[in-house]
Amino acid sequence: MNEATVPQLSVLITGGTGFVGRQVARRLAQRGHRLRALVREPGRAASLSELSAELVQGDVTREAGLEQAVAGCDVIVHLVGIIREVGPDQTFENVHTRGTQRMLEAAQQAGVRKFVLMSALGAKAQGTPYQRTKYEAEEVVRRSDVPYVILRPSVIVGPDGEFMRLLLRLVRRLPLTPVIGDGRYRLQPVDVVDVAEAFAQAAEREDVLNQSFDIGGPHKLTYNRILEIICEEFGLRRRLIHISPALVRAFVDLASNWRLPTPVNSDELTMMFEESIVPGDGNVLREVFGLDPTSFRSVLQRTSGARRGLETSRPR
Ligand SMILES: NC(=O)c1ccc[n+]([C@@H]2O[C@H](COP(=O)([O-])OP(=O)(O)OC[C@H]3O[C@@H](n4cnc5c(N)ncnc54)[C@H](OP(=O)(O)O)[C@@H]3O)[C@@H](O)[C@H]2O)c1
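Residues numbered from 1 in each chain as written. Predicted model: local features only at pLDDT ≥ 70, side-chain atom pairs only at ≥ 80, totals over all residues. Heavy atoms only, no water.

Participant: Can you lay out the pairing of strand β5 (residues 114-118) for me, pointing to particular residues and giving the numbers?
Facilitator: In terms of burial, β5 is a largely internal element, five of the five residues being buried. Of the two faces of β5, the one lined by K114, V116 and M118 and the one lined by F115 and L117 are each fully buried. With respect to chirality, the unit in which strand β4 (residues 75-78) leads through helix α4 (residues 92-110) into the neighbouring parallel β5 is right-handed. By the bridge criterion, four bridges tie β5 to strand β6 (residues 148-153) in an arrangement that is parallel. When the bridges of β6 are listed, V116 appears paired with V149. A crossover links β5 with its parallel partner β6, the connecting element being helix α5 (residues 129-143), and its sense is right-handed. (Buried < 20%, exposed > 50% of the residue type's maximum accessible area, 1.4 Å probe, protein only. Helix = DSSP H or I, 4+ residues; strand = E, 2+ residues; numbered from the N terminus. Right-handed = clockwise from strand over helix to strand, strands pointing away. Pairing = 2+ DSSP bridges.)

Participant: Describe the confidence of the model for the protein, with residues and values.
Facilitator: Averaged over the protein, the pLDDT score is 93; the fraction of residues at 70 or greater is 95%. Confidence over residues 309-316 falls short of pLDDT 50; this stretch has one contact with residues more than four positions distant or in other chains. (pLDDT = per-residue confidence, 0-100. Contact = heavy atoms within 4.5 Å.)

Participant: Account for the sheet that holds β6, with residues named and values stated.
Facilitator: The parallel open sheet is built from seven strands, whose spatial order is β3-β2-β1-β4-β5-β6-β11. One side of each edge strand has no neighbouring strand; the edge strands of this open sheet are β3 (54-57) and β11 (211-215). Strand-to-strand, the axes of this sheet are offset by a mean angle of 20 degrees, without reference to chain direction. Each of β5, β6 and β11 touches α5; the most contacted strand, β6, lies at about 160 degrees to it. (Axes fitted to C-alpha atoms, helices over the stretch in contact; angles between N-to-C directions.)

Participant: Account for the packing of aromatic side chains, with residues named and values stated.
Facilitator: The way to describe two aromatic rings as a pair is by their centre distance and the angle between their planes. What the rule picks out here adds up to four aromatic pairs. Consider the rings of F92 and Y130, whose centres lie 6.1 Å apart with planes at 80 degrees: the pair is edge-to-face. Note that F92 is positioned in helix α4 and Y130 in helix α5, a separation of 38 residues in sequence. Just as F92 is buried, Y130 falls in that class too. Ring geometry for Y185 against F273: centres 5.3 Å apart, planes inclined by 75 degrees, an arrangement best described as edge-to-face. (Phe/Tyr/Trp six-rings, centres within 6.5 Å; stacked < 30°, edge-to-face > 60°.)

Right, dumping it as structure tokens:
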């Protein structure tokens, strides 16, 4: 749909303060939509205030504030998600499954016209707690009466994303780059800007209703290849050191028995070895959303450009 011909919508975004949410909110605002955001701490939502978004305080693990947040909205873009559980309330079940259920109930009562759900590639009934509860959230959405669109991306990359930040730190700071396992597992990194565009279109378009889309970038890359591309872009020579997964798992299990923090937990290890790629040769970003999906290398160049800009503009 041409931007000029899109009718203005009232959109409630959840998770708008996050890595993906900031880009989605920006794209929705650029396209002229009225934004409201459900946020846990309005004082930490400066990026949303800058877009003139109306802030409503709320938490998907509780009902308070949700009714007020959804009132009068045409579309809900529900991005809230966690990768680790924190404390008794912030559990996968309570945030993903029940949190989505709470949002949907509020949506249904308010007569919201569309619910756009952020899921994840690999969400499935028999998976890790993250994957299972993401799948349950999809099922909650599919079973409700509210028209929906579900997007299931592979790993999302961008300058301030955790994946990119972690890999850049590993490659740039260490003389040898540790890789858990053989590093031949494949991912399909997708640009956060492309994901944001897909969400904006999903909010606007009627022809994508009641469908789920697996989203990936233009290339299926092994983890080793991703590290090589980073080295090529930064002109670094690094040897990859492959570490036995059994050894890492034993260490992680031991540390978790002692309640010690580790960079990855056991479920994250399981997900790491599963390929995160879209089956088949097609690409939904191209075929459904009309984009020319951005390569991982281009995202990296944008990232290093942004970093260089920051470094040169910093007072010395
Ligand atoms: N990043 C990826 O590679 C990737 C890939 C596939 C799918 N996804 C999915 O994309 C979504 C966004 O991921 P992200 O990388 O942007 O994560 P993120 O940066 O950690 O952002 C998470 C967002 O959820 C909000 N949130 C967390 N718990 C909440 C609660 N109980 N109530 C209300 N808001 C809550 C956070 O708000 P606060 O500011 O208050 O913490 C933040 O805005 C998630 O659903 C994730 O599963 C991400």
